[in-house]
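One-letter residues, chain by chain:
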Amino acid sequence: MSKLRYALYTGCTARESTPELLSSTMAVADKLGIELILLDEASCCGASHLQDFDEMLAYTLNARNICYAEKMGLKLVTICNTCQLNTAMTKHQLDKDPELKEKVNAKLAEVGLEYKGTSEVQHFLYALIQDYGLDKVREKVVTPLSDFNIAPFYGCHNIRPSELHEHSTGGENPYNPTSLDSLIEALEGNTVDYESKNKCCGFHVDLQAPQTSNALTGTALLDAIDNNADMIVTPCPLCQLNMDLKQHSAGKQLGRDIELPVLHMPQMVALALGCDEKSIGLKYNVTKATQFSK
Amino acid sequence: MIHTEEEVIKEVLHLNEEEHRPDFAHTRKVKVKVFRFNVETDYLPYYKTYEMKVSKDELILDLLNRIKWEHDGSFSYRRSCRHGICGACAIKVNGKAVLACKENAQDLVKIFGNELVFEPQSQKRAVKDMIIDKSDFWEKHAAVKPYVEATVDPRPTKETLMTPTKAEQFLESDYCIQCGACHYSCPALEVNEDYLGPAALVSAYRFTIDPRDEASEERLELTSQMGIGVWDCVKCNECVEACPKEINPIEKITKLHNMQFEQGIAKRNVATKHAEGFVRSIKKYGYLDEQDIVMYSEGLGVVKHMSEAIKMIKAGKIHPFDVMKKKMPRSKNLDEIQKLIKITQTNKL
Ligand code: SF4
Ligand code: SF4
Ligand code: FES
């Protein structure tokens, strides 16, 4: 197999409050021999909020991001569910609606760009599974995660709406997703089956409706705890932030103590592949994963 | 020549012998676990399990009928049209919202395996088995004025015409059959009883976009209210997945958001500033300034995030003393982004 090459769209979070996401992603790619080229020209995807204010502006900025992957002739790979949704949704709308595409391209022409629709958009989790292959990941495991019960938390924006993601996820069913479970199994971890695994973490209303956000985050965390999870793992940094940071306030609202490490998907892979401590970056997690401290 | 009824059916449907016989080769044994509850006699709900042979063409409604006809006549569920049009037969199977009369049983076996669990749309609203008290749904529906409000000339001299472009703007929101599948799949509604929910918001959009309607402003005011309106949607997309009519409720919610700004109805509050604040950051850095967006949106309210901010500082996630924003990433070719914002942005707060 020739070396896999992708344009990596980092999103904002991986460059700001979750640097461990970017460093562990790069470390995993390095170990597996995948080449990730940073899409440094890219802007914020609007995190599903910009489109509420000005939908056309959100389409234009996201289309611009895709243009740069197209220029390199590479697939655009994301490491955040919300980046994935917004980028894939822009692509979907532009590809199916020539009128919209023309409007957006009229704007992009002003800065010398054109959206063509030639680059695929895929989350790194699914690139690992579909392009690289879990069998090959399994071969590279040096520290099996067999001592841990790991609860997969899928995050809404990678799996819903399924019509939009079907292609890039290889047909993941949002009511019974399996990809993250199979990744955990490939790393020889024990998967935790719990109802909340495909539910919402509440992140997006954290500012305006903290009660809603806390209730959803807390319910998911408690569900994992009640099913004997040692940790949660998620492909979305926004889920990770909300679930990692809000344990105290969610616990207070729901009347129970909550303490459970929440890892980024690439952090978990990096641990199993024996990447160095610095790039795994566990020190940045608010609720410490003490299981891994030597 | 006289034909039997069977012959006529075969003739009309072009069926050959093979097709006319039940397809035993593709029949599967399925365990159906059914939620049972009678609000008048039961203290708690319970489940009953039925082993059934399910042929490849059977719908969930066929299985509901068989449970009632072959096993327990007291089993209760709603159905009327059997054509995916009345919305009465909506239930949940293994947590997935379905219209019983549209959903093929074996398709669900493919997703969930040989055990199917039938439950009402909302267990806490269960009245009898699959039947729920849907009054909260209808209250929310009524609240958005789900009708055209217009001063109509009693003796019109010409037709009110709807152009194709105008009709397209409905985005098929007028296809809603009020089945409640989205409403009872919405997690925001589950934890916030005041939230109008996806179905009512679809209706709000449907009538607000109607060119004959005169209550648009009123509806936009209502649906922009904090605690009940569009700002309380958590963006989980459960409603999109649940809708049997492929209406995509969150798409209409996004349109309502945009219309608030377009029509100058949006008031400055934490939610509207949060949405608008993205432009402010992206203009400066290309990226979102995660600290600034919280401070800008919250204003003085930012103090309530203190304890979390301290946790983030301790973990090295944020850098409060980086006043020169040295640690803030900046997109390459930022000037392109700034220009695109300048020539594309139309909405204001
Ligand atoms: S996207 Fe919004 S309206 Fe739809 S189910 Fe989720 S919270 Fe409810
Ligand atoms: S929007 Fe779809 S799911 Fe919701 S009530 Fe209407 S038809 Fe049912
Ligand atoms: S019975 Fe009318 S929609 Fe199913």
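What you see is a predicted model, and the numbers here were worked out from it, not measured in a lab.

## Things to note about the interface of chain B and chain A
Okay, so step 1: Taken residue by residue, the interface counts 66 residues in chain B and 66 residues in chain A.
Okay, so step 2: Surface buried jointly by chain B and chain A totals about 5,800 Å² across both partners, of which 61% is contributed by carbon and sulfur atoms.
Okay, so step 3: Interface area lost by chain B to chain A is led by Lys235(B), Glu241(B) and Lys317(B), which between them contribute 12%.
Okay, so step 4: Taken together, chain B and chain A are joined by 8 salt bridges.
Okay, so step 5: Across the pair Lys332(B) and Glu41(A) runs a salt bridge whose closest N-O atoms are separated by 4.0 Å.
Okay, so step 6: At the junction of chain B with chain A, the criterion picks out 33 residue pairs in polar contact (both at pLDDT 80 or more).

## Considerations on the packing of helix H12 (residues 270-285) of chain B against helix H13 (residues 290-298) of chain B
Residues and elements named next belong to chain B.
Okay, so step 1: With their axes 8 Å apart at the nearest point, H12 and H13 run at an angle of 140° to one another. Relative to H13, the element H12 is oriented oblique. When the axes of H12 and H13 are compared, the crossing they make is right-handed. Side by side, H12 and H13 meet where Val 270, Lys 273, His 274, Glu 276, Gly 277, Phe 278, Arg 280 and Ser 281 of the first sit next to Asp 292, Ile 293, Tyr 296, Ser 297 and Glu 298 of the second.
Okay, so step 2: Residues that form the contact of H12 with H13 fall into these classes: 4 nonpolar, 4 polar and 5 charged.

## Focus on the domain arrangement of chain A
All names here are of chain A.
Okay, so step 1: The assigned domain composition of chain A is domain 1 (5-122) and domain 2 (137-284).
Okay, so step 2: On a C-alpha basis, the centres of domain 1 and domain 2 stand 23 Å from each other.
Okay, so step 3: Of the roughly 2,400 Å² buried between domain 1 and domain 2, counting both surfaces, carbon and sulfur atoms make up 66%.
Okay, so step 4: Between the two partners, domain 1 and domain 2, sit 11 residue pairs in polar contact (both at pLDDT 80 or more).
Okay, so step 5: Broken down by secondary-structure element, the contributors of at least two residues to the side of domain 1 that touches domain 2 are helix H1 (19-32), helix H4 (81-96) and strand S4 (121-123).
Okay, so step 6: At 10 residues, the largest contribution of residues to the side of domain 1 that touches domain 2 is made by H1.
Okay, so step 7: Residue composition of the side of domain 1 that touches domain 2, grouped by class: 12 nonpolar, 13 polar and 3 charged.

## Re the site of ligand 1
Okay, so step 1: The environment of ligand 1 is formed by 13 residues, the closest being Cys186(B), Cys233(B), Val234(B), Cys236(B) and Cys239(B).
Okay, so step 2: Classifying every residue of the shell around ligand 1 gives 10 nonpolar, 1 polar and 2 charged.

## Quick look at the packing of aromatic side chains
Okay, so step 1: Evaluation of the coordinates by the stated rule reveals 6 aromatic pairs over all chains.
Okay, so step 2: Between the aromatic rings of Phe53(A) and Phe261(B), the centroid separation amounts to 4.9 Å while the plane-to-plane angle is 85°, which identifies the pairing as edge-to-face. Linking Phe53(A) in helix H2 (residues 50-53) with Phe261(B) in helix H11 (residues 249-262), this pair reaches from one chain into another.
Okay, so step 3: A residue is classified by how much of its surface remains accessible, and Phe261(B), at 4% relative accessible area, is buried.
Okay, so step 4: Where Phe137(B) meets Trp138(B), the ring centres are 4.9 Å apart and the plane angle is 85°; that geometry is what we call edge-to-face.
Okay, so step 5: Relative accessible area serves as the criterion here: at 2%, Phe137(B) is assigned to the buried category.
Okay, so step 6: Through a chain of ring-to-ring contacts, three or more aromatic side chains come together here, namely Phe53(A), Trp231(B) and Phe261(B).
Okay, so step 7: Taking NZ or CZ as reference, Lys136(A) lies 4.5 Å from the ring centre of Tyr132(A), over its face.

What counts, and at which threshold
- Residues numbered from 1 in each chain as written.
- Chains lettered and ligands numbered in written order.
- Predicted model: local features only at pLDDT ≥ 70, side-chain atom pairs only at ≥ 80, totals over all residues.
- Heavy atoms only, no water.
- Contact = heavy atoms within 4.5 Å.
- Buried area = accessible area lost by both parts, 1.4 Å probe.
- Salt bridge = Lys/Arg side-chain N within 4 Å of Asp/Glu carboxyl O.
- Polar contact = N/O pair within 3.5 Å; in protein donor to acceptor, adjacent residues only side chain to side chain.
- Axes fitted to C-alpha atoms, helices over the stretch in contact; angles between N-to-C directions.
- Helix = DSSP H or I, 4+ residues; strand = E, 2+ residues; numbered from the N terminus.
- Parallel < 35°, antiparallel > 145°, perpendicular 65-115°, else oblique.
- Left-handed = near helix turned anticlockwise from the far one by under 90°.
- Nonpolar A, V, L, I, M, F, W, Y, C, P; charged D, E, K, R; others polar.
- Domains from an automatic or database assignment.
- Near = heavy atom within 4 Å.
- Phe/Tyr/Trp six-rings, centres within 6.5 Å; stacked < 30°, edge-to-face > 60°.
- Buried < 20%, exposed > 50% of the residue type's maximum accessible area, 1.4 Å probe, protein only.
- Lys NZ or Arg CZ within 6 Å of the ring centre and 35° of its normal.

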